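Observations on the three-dimensional arrangement
These are the residues of each chain, in order.
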Amino acid sequence: MNDAIESSASKHRLLLILGGPALLLITICLPCFGPVNARFGFGILFWMVWWWVTTAVDIKLTCLVPIFVVCVYSYMPLAKVLEAYVHKEAALIFGATAITAAWVRWGFAKRLALNFLRCVSGNVRAQTSGWFILCGVTSFVVGNTTVAAMFAPVAVASLLYAGYATNEDRWNSRAASNILIAVAWGASVGGMATPLGGGQSVVTWGLLNKYLGHNIYFTDWTLRMLPISILVVLGVGVLMYFMKPERENFGGSKEFYRQELAKLGPMTYEEKVSFYGFVLAILLAVFQPVYAPYTKGPEWAWLKPTQLFCIIPLLLLFWPSRTVKGEAILSPQTLRDYFPVTILFMWPAAVALSKILGATGASAVFGQWIQPFMGISDTVSIAAWSISGNILSQVTSDTAAAGIMVPLAIESMSHWNGLQYGAVPWVWVTGAAISWSYAVASATGAQGIAAGYGANLRTMFVWGLLAAAISVAITIAYFWLAIVVFGSDFYIMPPA
């Protein structure tokens with residue numbers, strides 16, 4: 001009987017494994033996906049999403065699919081595919097994660113987790129909502145990748161306290177996985193509230209400035225994008241309440257967490273150094289627009305966030321501990337024990353996938369699909385830009401989608417209603433919709449980080465599509481009222 005069950009399970013797994021390359025082959029045969037190279041781009045996307053969602057193979061192996069395919073068929077030069085796995089923000093991700101590994105080693109992550117649990121108790125839904133709101137508000141002024149890198153290790157520390165010690169434990173628990181997903185979605189949802197919110201906002205802000213011929217103030221941007229961001233936070237927050245976990249409580253009252261926190265005593269020297277180093281990098285990143293005009297030139301390159309998150313962990317590798325003789329605050333042993341290796345695969349793979357979709361022409365083909373819907377009516381155009389922008393950001397990345405969709409909006413709608421800058425409202429519409437990227441690990445760095453810590457990608461995909469549908473519906477309704485019903489100059493005319 002057991003042999004029959006094992007045989008059936010093996011056959012089922014084999015079918016799931018073969019489903020990935022089968023999707024690639026089917027896509028290559030369909031002319032609707034554009035030229036052959038673009039079909040390879042789409043096919044690789046479908047293959048990777050299939051394996052991620054079905055967990056047919058280890059997610060780290062899925063990350064290597066583009067390399068495997070290019071070795072069989074040169075849809076791109078091999079060197080270009082390998083280069084696609086490299087991104088300048090990789091040092092930021094790996095550096096921030098290395099610092100938080102020191103947090104775990106010296107107990108600071110546990111201290112943060114206990115402080116958080118003391119505020120929200122052990123109720124799973126309260127914790128999920130708390131992480132989502134905390135990360136959502138922070139993402140208004142800090143990039144989604146950085147927000148996830150800041151808070152995911154702390155969330156994991158709280159889950160360690162609840163008994164979820166490994167990635168597999170967290171993957172198999174709806175309660176634990178929901179919390180990691182809340183961190184990822186929260187980190188993404190505030191991305192357009194300010195130009196500091198993420199790569200997609202930086203790209204959109206730069207393209208809008210170029211179109212208008214002058215830089216718009218951060219306050220002008222925030223006044224227009226903050227209301228829709230808050231509405232989407234509320235909408236997705238309600239949805240997360242219905243992501244029912246398998247348990248309602250992790251155990252432990254607020255008083256219990258307070259007592260556990262008291263047992264830790266005051267912060268140790270090692271905790272302070274690792275924490276203040278992280279805070280220094282974050283503060284310098286947040287206030288970069290203030291000092292950037294005065295720190296130009298190669299001698300000031302170290303002040304950039306990516307470089308800072310590389311320099312600080314390197315310093316910690318040589319910074320001696322006062323508690324343990326002969327050990328540094330960040331040691332190779334700490335990295336071996338506490339650095340989540342999956343991040344080394346997930347983040348580069350997410351970056352590579354978005355670059356490959358652009359390089360193969362798959363993203364351009366997607367842009368051609370939506371062109372016929374733009375001239376029917378203003379209402380249909382709002383829906384088309386919102387839906388198409390969001391779909392593209394789900395399957396590539398929000399930053400890549402901004403680079404494709406915003407120029408397309410400017411080009412297509414530049415003379416809307418005969419206005420000199422007629423594309424302005426469509427930049428707001430498209431830019432907003434691009435930010436609601438929740439379903440696929442490659443959509444934002446935040447999703448990639450959450451996946452690296454064990455978030456269930458199947459749950460993220462299914463519920464992420466629902467969250468995206470809600471977010472897009474809110475976006476369409478909001479801008480329909482602002483642009484079509486009220487004809488608000490606040491969104492139609494360029495900021496002063």
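These notes cover the structure that comes with them. (Residues numbered from 1 in each chain as written. Predicted model: local features only at pLDDT ≥ 70, side-chain atom pairs only at ≥ 80, totals over all residues. Heavy atoms only, no water.)

Section: the overall build of the protein chain
Basically, it comes down to this: Every helix listed is a DSSP run of H or I at least four residues long, and every strand listed is a run of E at least two residues long, numbered separately from the N terminus. What the globule rule says is 2.2 Å times the number of residues to the power 0.38, and the radius of gyration is computed from C-alpha atoms. Any two residues having at least one pair of non-hydrogen atoms within 4.5 Å are treated as being in contact. Residue burial considers only the protein chains on display, and all accessible areas are found by Shrake-Rupley using a 1.4 Å probe. Charge assignment: positive for Lys and Arg, negative for Asp and Glu; neither His nor the chain ends contribute. Where a charge sits is defined by one atom per residue type, namely NZ (Lys), CZ (Arg), CG (Asp) or CD (Glu).
Scanning the protein chain for helices and strands turns up 26 helices and zero strands. Its C-alpha atoms give the protein chain a radius of gyration of 23 Å, near enough to 23 Å, the size a compact globule of 496 residues would have. With the C-alpha coordinates of the protein chain rotated into their principal frame, the extents come out at 70 × 65 × 45 Å. For the protein chain, restricting intrachain contacts to residue pairs at least 6 apart in sequence, the fraction spanning at least 24 positions comes to 76%. Carbon together with sulfur atoms contributes 69% to the accessible area of the protein chain, which is approximately 20800 Å² in total. Side-chain charges in the protein chain split into 28 positive and 21 negative, and the spacing between the mean points of these groups amounts to 4 Å.

Examining a nonpolar patch on the surface
Rule in force here: To count toward a patch, a residue needs a relative accessible area over 30% and no salt bridge; like charges are then connected within 9 Å, while nonpolar side chains (Val, Leu, Ile, Met, Phe, Trp, Tyr) are connected within 5 Å. Within this document, salt bridges are pairs made up of a side-chain nitrogen of Lys or Arg and a carboxyl oxygen of Asp or Glu, the two lying within 4 Å of each other.
Where nonpolar side chains cluster on the molecular surface, the patch consists of W300, W302, I311, L315 and W319 and spans about 480 Å² of accessible area. Inspection of the secondary structure puts W300 in the loop between α16 (288-291) and α17 (305-316).

A closer look at the pattern of salt bridges
Going by this rule: Only protein chains enter the accessibility calculation, which uses a 1.4 Å probe; a residue is then buried when its area is under 20% of its type maximum, exposed when over 50%, and partly exposed in between.
Per the stated rule, a full pass over the model turns up five salt bridges. The salt bridge involving R105 is made with E327; its shortest N-O contact spans 3.0 Å. With a gap of 222 residues between them, R105 in helix α6 (residues 90-106) and E327 in the loop between α17 and α18 (332-338) connect regions that are remote in the sequence. Exposure remark for R105: the relative accessible area of 26% places this residue in the partly exposed category. The exposure class of E327 is buried, given its relative accessible area of 18%.

Some details on the packing of aromatic side chains
The test is simple: Classification of ring pairs rests on two measures: the distance between centres of Phe, Tyr or Trp rings, Trp counted by its six-membered ring, which must be within 6.5 Å, and the angle between planes, read as stacked under 30 degrees, edge-to-face over 60 and tilted in between. Each ring is checked for a lysine NZ or an arginine CZ that lies within 6 Å of its centre and within 35 degrees of its normal; such an atom marks a charge sitting over the ring.
Counted by the stated rule, this structure contains 24 aromatic pairs. The structure contains a cluster of three or more aromatic residues connected by ring pairs, namely W103, F108, F275, Y276, F278 and F309. The ring of F490 carries R224 above its face, with NZ or CZ at 4.2 Å from the centroid.

Considering helix α11 (residues 174-189)
Using the following cut-off: Multiplying one less than the number of residues by 1.5 Å gives the expected span of a helix. Any pair of N or O atoms that falls within 3.5 Å is considered a polar contact. Within protein, one atom must be able to donate a hydrogen and the other to accept it, and sequence-neighbouring residues count only if both atoms are side-chain atoms.
For α11, with 16 residues, the first-to-last C-alpha span of 21 Å sits near the 22 Å given by 1.5 Å per residue. Counting buried residues along α11, 15 of its 16 residues qualify, which places the element largely inside the surrounding structure. If you check the start of α11, you find a side-chain oxygen 3.3 Å away from the backbone N of A175, and it comes from S173.

Considerations on the side chain of T459
Relative to the helices and strands, T459 is located in helix α25 (residues 457-485). For T459, a relative accessible area of 19% corresponds to the buried category. Contacts of T459, omitting those with residues within four sequence positions, involve N178, I181, M243 and G464.

So, helix α24 (residues 445-452)
Three- or four-residue spacings in an α-helix give side chains the same orientation, since the helix completes a turn every 3.6 residues. Of all the eight residues making up α24, eight are buried; the element is thus mostly covered by neighbouring parts of the structure. Inspection of α24 places G445, A446, Q447, G448, I449, A450, A451 and G452 among the buried residues, and these make up the whole buried set. Of the residues trailing α24, G454 is marked for its positive phi of about 110°.

Quick notes on unusual backbone geometry
Unlike most non-glycine residues, N417 shows phi in positive territory, near 55°. Looking at the element boundaries, N417 is found in the loop between α22 (398-413) and α23 (424-434).

Things to note about the side chain of R125
The residue R125 is located in helix α8 (residues 124-138) in this model. Polar side-chain contacts of R125 include one of 3.3 Å to the side chain of E248. Each residue touching R125, except ones within four places of it in the same chain, is listed here: Y241, K244, P245 and E248.

Some thoughts on the state of the cysteines
Where two cysteines share a covalent bond between their sulfur atoms, that bond is called a disulfide. In plain terms, the rule: Throughout, a disulfide means two cysteine sulfur atoms within 2.5 Å of one another.
The tally for this structure, following the rule as stated, stands at zero disulfides. Not engaged in a disulfide, the cysteine C29 finds its nearest cysteine sulfur in C32; these two sulfurs lie 11 Å apart. Residue C119 stays outside any disulfide, its sulfur separated by 14 Å from that of C135, the closest cysteine. Assessed through its relative accessible area of 54%, C119 is described here as exposed.

From the geometry alone we can't say anything about function, so treat these as descriptive.
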